[in-house]
Amino acid sequence: MSDQTGTMVHDATGVDPLPDASRRGSRQMPLPQQRGPVSALLCGLLAGTDPEASRQRLVEAASLAAAQTPDVLFDEDLQLALFVCYELHYRGFDGVDDTWEWDPELLRARAELERVFEDRLRTAIDPVDETATTAQEVSDALFALAEGGDGPSVADFVLRHATTDQVREVMAHKSVYQLKEADPHTWAIPRLEGRAKSALVEIQMDEYGNGRPGRMHSELFARTMAGLGLDHRFGAHIEHVPAISLASVNLMSLFGLHRRLRGAVLGHLAIYEMTSSLPSSQYSRGLRRLGFGDDVAGYFDEHVEADAVHEQIAGRDMAGGLIEADPATRGQVFFGAAAVCLVDGLLGAWQLGAWEQGRSSLRMPLEAEGTDHGV
Amino acid sequence: MESDGASITVCPQGPLLVRGDFSLTDGTGAEIDNDRGTVALCRCGRSAIKPFCDGTHKLIGFDRPKK
C-alpha cells in the first residue's frame, strides 16, 4: 500500500488475461430459477418451456404482485423478475431469443415492476439539497450526502473481523454488478452533452481499462473472485444473492435505461465514486489480513487510486456540469444519490445482520469451488 | 476548450486534479508509473499512496474551516 509510485505496477504488456477470459466473454448466463409467480411466468415464457405462460398472464401477474408486495426492495420474486427483464438489455440469457428485449408486452410487465420500485424509493426519500447551483456546490452537497451514512460498514467489517467465507459472500453479492462494472452508467452517455458527457466518458475510460482489456475493472474483479476460489463467470451466483442485492443492481438499470432519469444515474455514479476509495482500502487491508496477496486485493488497490480521481470528476464536472447546464435535473441527481445510499445501506445491514446471527447472508451458502468450472 | 498542455484543478478540501499533457517524475527525474490520463495528486500530505490521492483528506478534515 505504501509503494512510492502507487499500488499498481505494470510491465509493458499489462496484466495477463484470465486463463478463460475469451470463453467468459462469449458465454451467456442461464436463465435463473424462478422465485415466485412473476419470475416463474417470465422465465417460462423466455425459455419457451411453460405452455401455460403467456404475455397476457405475465402482465396480469406483474400488476397484481406489484400492488400486493409488502416491500418490493425485499421481494425475491419481483427483484428477480426485474433483473431478468433488465439483463435482456445487457448480455441476454443462454437459449433466449434476443428479440425479447423489445417485446412490448414484456416491457409492459417490466413497467409495472418499475413503477412500484420507483414509488418505493420516492416514498422513502425526502427531496434533498435543492439549492446547490454551481458545479462546486453540487460536488460539496454530494460529498456531504456520501459522508452522511453513519451505519455499520461492510468494508470496515472486512477490514477487522470477516472470515474468508464471509469475504467470499461479499464478493458473491458484489459480482452481480462488478462483473459488468460501469455498464449501467454507460447508458447515460448519449443522453448528455458538453461537460457532463466529457466527464462521464473520462471516468468510463478508466473503468474499461483505457484500451487494455485486462485492466477493465470487471476483469480485475474476476481476478479477485478467481483468487478466492469463486466462479467468476457473469451470473454464476445469481441463485445465491437475495432480493436486496438484486435491488441494488436493478436500481442502476432503472436509472440507466430511462432517459428521463439521466440525472439520477449520474447522482448514483457520483455516490458510488465518492464512497469507494476509503472502503476499497479497507477491503484491501482486510484481504491481506486474511493472507491474500496482490492477485486478490489488486482490484481494491486499483479502486483506492482510481476512485480518488473519479470522485472529483463525478461530483464537479459530471453531476455539477449537468446541473449547471440543465438546472431542471437537480432533483433527479439528488434523488439518484439518495437512492443508492438507501438501497446499499439496506444491503450492508442485511449482510452484517446475517453474520451477527451466525448465518449466511446469501440464500444458500456458497459451495466449495475452484476446480469444478474448468479454468 | 483546453489547448495542449496540462490543466490543474485545486479541489477544495481535496487533491490537485491534473489533466492533459504532463509527465510525472520523482526527484531523480525518473518517471512515476501512472496508469491513467487524469490523476489526483495528494494535497493533504496524508495519502498512503503518495504522490497520488487516496481519499484520506476526507477523514482528517483537510482545509476545512476551523471550528
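Just above, that's the structure.
Residues numbered from 1 in each chain as written. Chains lettered and ligands numbered in written order. Predicted model: local features only at pLDDT ≥ 70, side-chain atom pairs only at ≥ 80, totals over all residues. Heavy atoms only, no water.

1. Quick word on helix α8 (residues 164–178) of chain A
Here comes step 1: Burial analysis of α8(A) places 12 of its 15 residues in the buried class, the great majority of the element.
Here comes step 2: Within α8(A) the residues assigned to the buried category are A:Gln166, A:Val167, A:Arg168, A:Glu169, A:Val170, A:Met171, A:Ala172, A:His173, A:Ser175, A:Val176, A:Tyr177 and A:Gln178. (Buried < 20%, exposed > 50% of the residue type's maximum accessible area, 1.4 Å probe, protein only. Helix = DSSP H or I, 4+ residues; strand = E, 2+ residues; numbered from the N terminus.)

2. Side note on the interface of chain B and chain A
Here comes step 1: With 27 residues of chain B in contact, the opposing surface of chain A contributes 32 residues.
Here comes step 2: A buried area of about 2200 Å², summed over both sides, lies between chain B and chain A, and 48% of it is on carbon and sulfur atoms.
Here comes step 3: Three residues stand out in chain B for area buried against chain A, namely B:Asp35, B:Arg36 and B:Lys58, and they jointly supply 30% of the buried area on that side.
Here comes step 4: Counting the contacts that link chain B with chain A gives seven salt bridges.
Here comes step 5: With a closest N to O distance of 3.2 Å, B:Arg64 and A:Glu147 form a salt bridge.
Here comes step 6: The tally of links between chain B and chain A comes to nine residue pairs in polar contact (both at pLDDT 80 or more).
Here comes step 7: Of all the secondary-structure elements, those providing two or more residues to the side of chain B that touches chain A are β2 (16–20), β3 (39–41) and α1 (57–60) of chain B.
Here comes step 8: Among the elements that line the side of chain B that touches chain A, the one with the most residues is α1(B), at three residues. (Contact = heavy atoms within 4.5 Å. Buried area = accessible area lost by both parts, 1.4 Å probe. Salt bridge = Lys/Arg side-chain N within 4 Å of Asp/Glu carboxyl O. Polar contact = N/O pair within 3.5 Å; in protein donor to acceptor, adjacent residues only side chain to side chain.)

3. What to know about the nonpolar core
Here comes step 1: In this structure, A:Leu46, A:Phe117, A:Leu142, A:Phe255, A:Leu266 and A:Met318 are the most contacted members of the largest nonpolar core, which totals 120 residues.
Here comes step 2: For this core, the leading source of residues is helix α15 (residues 294–325) of chain A, giving 12 residues.
Here comes step 3: The next biggest cluster of nonpolar side chains, apart from the first, holds eight residues, and it includes B:Val18, B:Val39, B:Ile49 and B:Phe52. (Core = buried A, V, L, I, M, F, W, Y, C linked by side-chain atoms within 4.5 Å.)

4. Notes on the sheet that holds strand β1 (residues 6–10) of chain B
Here comes step 1: Pairing is antiparallel in the open sheet, where three strands are placed in the order β1-β2-β3 (chain B). Pairing within the sheet leaves two strands with one partner each, and these edge strands are β1 and β3 of chain B. Looking at each pair of strands side by side, their axes are set apart by 25° on average, direction ignored.
Here comes step 2: This element, α15(A), spans β1, β2 and β3 of chain B of the sheet and lies at about 85° to β2(B). (Pairing = 2+ DSSP bridges. Axes fitted to C-alpha atoms, helices over the stretch in contact; angles between N-to-C directions.)

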